[in-house]
Number of protein chains: 2
Amino acid sequence: MTGFADIQDPLSLERQVCFALSVASRNVIAVYRPLLEPMGLTHPQYLVMLALWEHAPLAVKDLSRMLQLDPGTLSPLLKRLEAAGLVRRERDPEDERALAVVLTEAGRDLRSDAKRIPPAIVARLGMGLDELQHLHESLMRVIAAANAANNGHAPHDPAPTGVRTR
Amino acid sequence: MTGFADIQDPLSLERQVCFALSVASRNVIAVYRPLLEPMGLTHPQYLVMLALWEHAPLAVKDLSRMLQLDPGTLSPLLKRLEAAGLVRRERDPEDERALAVVLTEAGRDLRSDAKRIPPAIVARLGMGLDELQHLHESLMRVIAAANAANNGHAPHDPAPTGVRTR
DNA sequence: CACAAATGATTTGTGCACCAACTAATCGCT
DNA sequence: AGCGATTAGTTGGTGCACAAATCATTTGTG
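Below: a short report on this structure. Computed from a prediction, not measured in an experiment: that's the story for all the values here.

**Some words on the pairing of strand S2 (residues 95-103) of chain A**
Residue and element names in this part refer to chain A. Bridge analysis of strand S1 (residues 87-92) against S2 gives 6 bridges, and the strand direction is antiparallel. Paired with Arg88 across the bridge in S2 is Val102. Between the antiparallel neighbours S1 and S2 lie 2 residues.

Structure (structure tokens):
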């Protein structure tokens, strides 16, 4: 290893869990990139497609809750998916405010290509499934802890309405 | 809130380690935000300052290697830090191509404020130090695996031309 | 029914992240 | 010394992420 840091310093770069978290996230996404690029998807778009393959039709607020992403982030992303011909953004007839994001034929078809991605990632990473599973559990715990630290809500979700006012 | 997904489906959103990784990264950064904002720093800027507090002066390529960030990302970020009066971007007299990013008085002074951040984060997360340490080790392994999968280099680092120095 | 509050989505602004193309300085080689 | 290749950094383009402001629709309450 590099050892460029005083290992006792609490401000040492190497000791910051959050630094490791961002680097891990960015670099693992970089492993996905060459696999997603031929499908014409970015990683966040891939996550949206995963949610839709399981649960379409979905409103923006559903996607926002599932992916823990701001609606303001999803709105242009969904327009790009529509421009790519993978989804259609319709109005929910029950509630004209809400969007009903549905898959097109091409969007559904893409799922068979996507099936090859998870095993390819695992193979490229060359890590044991048990270790990945274990990492996943640790991440779920830190996600829960972070959400609790943010007053029990994800960053884009201002406040759980029922909690404070009576 | 439990299984909205078929737990057997390899394309299930819940099973994607990379999804957990991005959400964890974003949401933990959100825990930092209210602490960094009064210091006038974003999280990436905080990481740059950490590196500088330990090792200034640094060139862009040093920061790029340490933080595993693209020089094209660092360039405008450093200009914002300079505009905030925390660093100066000088030329290395030894090599006029290279930048020597140095701390200003204000930049050095900020370090005492920053010392309060790591314990505050740990307190807010409410997780045990041992579990955080364990997560850190898992993340280091996945970072190494991801870099190996990307042909032995971080995304911004096109190719390992020679033997790395240090 | 009227109308204020709440909700769902979009827009705008700032900043991060990656990539490709470019400029300038240095190095390598003959 | 000359000159091509390499290296350091910047710039421009696309897309993600968050916050705040805005707009339309729906809901709640008198």
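And the narrative resumes.
**A few points about the side chain of Asp62(A)**
With respect to the helices, strands and loops of the structure, Asp62(A) is situated in helix H3 (residues 60-67). Polar contacts involving the side chain of Asp62(A) include one to the main-chain amide nitrogen of Ala59(A), which spans 2.9 Å.

**Digging into the interface of chain A and chain B**
Interface size is commonly expressed as the accessible area that is lost once the parts come together. Counting from both sides, the interface comprises 64 residues of chain A and, opposite them, 65 residues of chain B. Summing both partners gives a buried area of about 5,800 Å² for chain A against chain B, and 69% of it is carried by carbon and sulfur. Across the contact surface, chain A and chain B share 2 salt bridges. Glu131(A) is the partner of Arg141(B) in a salt bridge, and the nearest nitrogen-oxygen pair spans 2.2 Å. At the surface where chain A touches chain B, the tally comes to 11 residue pairs in polar contact (both at pLDDT 80 or more). Of all the elements in the fold, those that place two or more residues in the side of chain A that touches chain B are helix H1 (17-36), helix H2 (43-55), H3, helix H5 (105-114), helix H6 (117-125) and helix H7 (129-149) of chain A.

**Some details on the protein's contact with DNA strand D**
DNA strand D sits among 25 residues. The nearest are Arg80(A), Lys61(B), Ser75(B), Lys79(B) and Arg89(B). In the interface set of DNA strand D, defined as its atoms within 4 Å of the protein, sugar plus phosphate atoms amount to 86%. At a separation of 3.0 Å, a phosphate oxygen of DNA strand D approaches a polar backbone atom of Glu96(A). Here a phosphate oxygen of DNA strand D and a backbone polar atom of Leu99(B) are 2.7 Å apart. The element that contributes the greatest number of residues to the surface near DNA strand D is helix H4 (residues 71-83) of chain B, accounting for 4 residues. Of the residues belonging to the surface near DNA strand D, the class tally is 9 nonpolar, 5 polar and 11 charged.

Criteria and cut-off values
Residues numbered from 1 in each chain as written. Chains lettered and ligands numbered in written order. Predicted model: local features only at pLDDT ≥ 70, side-chain atom pairs only at ≥ 80, totals over all residues. Heavy atoms only, no water. Pairing = 2+ DSSP bridges. Helix = DSSP H or I, 4+ residues; strand = E, 2+ residues; numbered from the N terminus. Polar contact = N/O pair within 3.5 Å; in protein donor to acceptor, adjacent residues only side chain to side chain. Contact = heavy atoms within 4.5 Å. Buried area = accessible area lost by both parts, 1.4 Å probe. Salt bridge = Lys/Arg side-chain N within 4 Å of Asp/Glu carboxyl O. Near = heavy atom within 4 Å. Nonpolar A, V, L, I, M, F, W, Y, C, P; charged D, E, K, R; others polar.

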